[in-house]
Amino acid sequence: RLSEAFLSDTTRESLLGVAADRLRGALQARHVAIFLENEQGHLASAAATSSAEVREDLAELAFRQGNSADFPSSLGGTDIYLPIPIGLSRAGVLVALGIRSSERMAEGCAVLLGLALERERFVRLARESEATRTSDQMKSTLLAALAHDLKTPIAAARGAVENWAAQAGSSDKARLAVGEMEI
């Protein structure tokens, strides 16, 4: 059910908006927080189920080293800090405080969250690509229309100048006018 729910969310905001609550329920945890890497390469809080105290130093360590940290929780159960894998790299850290399910379940949830984040990124890139393709098509159509619209008056002007030059004979002005139309 958790994977179906993650796959139904197509934007990062909607995914993260409900992911922490879904993970809290799946892990039978007291608190869940999701930290993701920002543009500057630092971890930033992306979602949380409450304002419970999370050790950001452990989250940073799990993210940088790619290793999980778990220990008995003051809330009962276990506190766990897990890197969120995306391929060979990491997207962030999943923190679950006071979990009552297995650590293997938590690891599976972190992998599932990473897959959902990667899927969301691919969907976003596909949308951006489609928008770019549509924009390029519109530009091409507009340029073709402009080229056509510019050729028509130029052709008419060229015809008028050539007619005038034919009537004017071989004067310097007629040769100059015809020569300028060639450019």
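Fair warning: this is a prediction, and the values are worked out from it, not measured in the lab.

Q: Looking at this structure, I do not really get the overall build of the chain. What am I missing?
A: Of regular secondary structure, the chain possesses five helices and five strands. Against the globule reference of 16 Å for 183 residues, the chain gives a C-alpha radius of gyration of 32 Å, more extended than a compact globule. Considering only C-alpha atoms, the chain reaches an extent of 105 × 30 × 30 Å along its principal axes. Each of the 183 residues in the chain was classed as buried or not, and the buried ones make up 30%. A fraction of 51% describes how many contacts in the chain between residues 6 or more apart in sequence connect residues 24 or more apart. In the form shown here, the chain has an accessible surface area of approximately 11,300 Å², with 56% of it arising from carbon and sulfur atoms. Of note, the chain has its 20 positive side-chain charges centred 3 Å away from the centre of its 24 negative side-chain charges.

Q: Would you explain the packing of aromatic side chains in this entry?
A: The description of two aromatic rings rests on the distance between their centres and on the angle between their planes. Counted under the stated rule, the structure contains one aromatic pair. Ring geometry for Phe71 and Tyr81: centres 6.2 Å apart, planes at 20 degrees, overall stacked. Note that Phe71 is positioned in strand S3 (residues 69–72) and Tyr81 in strand S4 (residues 78–86), a separation of 10 residues in sequence. A residue is classified by how much of its surface remains accessible, and Phe71, at 29% relative accessible area, is partly exposed.

Q: Is there a simple way to think about the nonpolar core in this case?
A: Within soluble globular proteins, side chains that are nonpolar tend to cluster in buried spots. Formed by 25 residues in total, the largest nonpolar core has its most connected members in Ile34, Ile84, Leu94 and Leu117. In terms of nonpolar packing, the next biggest core, distinct from the first, is built from 12 residues, Phe35, Tyr81, Val95 and Leu97 among them.

Q: Teacher, can you tell me more about the pattern of salt bridges here?
A: Scanning all chains against the criterion turns up six salt bridges. Measuring nitrogen to oxygen at the nearest pair gives 2.8 Å for the salt bridge that ties Asp57 to Arg55. A residue is classified by how much of its surface remains accessible, and Asp57, at 46% relative accessible area, is partly exposed. Owing to a relative accessible area of 43%, Arg55 belongs among the partly exposed residues under this scheme. For Glu130, the salt bridge goes to Arg133, with nearest N and O atoms at 2.6 Å. Placement of both Glu130 and Arg133 in helix H4 (residues 103–168) is noted, with a separation of three residues, approximately one turn of the helix. Judged by relative accessible area, which is 38%, Glu130 ranks as partly exposed. Under the relative-accessibility criterion, Arg133 is labelled partly exposed at 40%.

Q: How should I be thinking about helix H3 (residues 56–65) in this particular structure?
A: Because each turn of an α-helix spans 3.6 residues, side chains separated by three or four positions end up pointing in the same direction. Taken residue by residue, H3 has Leu58, Ala59, Ala62 and Phe63 as its buried positions. Projected onto a plane normal to the axis of H3, the buried residues spread over an arc of 135 degrees and lie on a single side. For H3, the exposed residues lying more than 90 degrees away from the buried face are Glu56 and Gln65. Among the structural elements, strand S1 (31–37), strand S2 (43–48), S3, S4 and strand S5 (89–99) are those in contact with the buried residues of H3.

Q: I would appreciate a short explanation of a nonpolar patch on the surface in the present structure.
A: Taken together, the side chains of Leu142, Leu143 and Leu146 present a nonpolar region at the surface, about 300 Å² in accessible area. As for its position among the elements, Leu146 is in helix H4.

Rules behind the numbers
- Residues numbered from 1 in each chain as written.
- Predicted model: local features only at pLDDT ≥ 70, side-chain atom pairs only at ≥ 80, totals over all residues.
- Heavy atoms only, no water.
- Helix = DSSP H or I, 4+ residues; strand = E, 2+ residues; numbered from the N terminus.
- Rg over C-alpha atoms; globule rule 2.2 N^0.38 Å.
- Buried < 20%, exposed > 50% of the residue type's maximum accessible area, 1.4 Å probe, protein only.
- Contact = heavy atoms within 4.5 Å.
- Areas by Shrake-Rupley, 256 points an atom, 1.4 Å probe, with all protein chains shown as cover.
- Lys, Arg positive; Asp, Glu negative; His and termini not counted.
- Charge placed at Lys NZ, Arg CZ, Asp CG, Glu CD.
- Phe/Tyr/Trp six-rings, centres within 6.5 Å; stacked < 30°, edge-to-face > 60°.
- Core = buried A, V, L, I, M, F, W, Y, C linked by side-chain atoms within 4.5 Å.
- Salt bridge = Lys/Arg side-chain N within 4 Å of Asp/Glu carboxyl O.
- Arc of directions from axis to C-beta.
- Patch = residues over 30% accessible without salt bridge, like charges linked within 9 Å, V, L, I, M, F, W, Y side chains within 5 Å.

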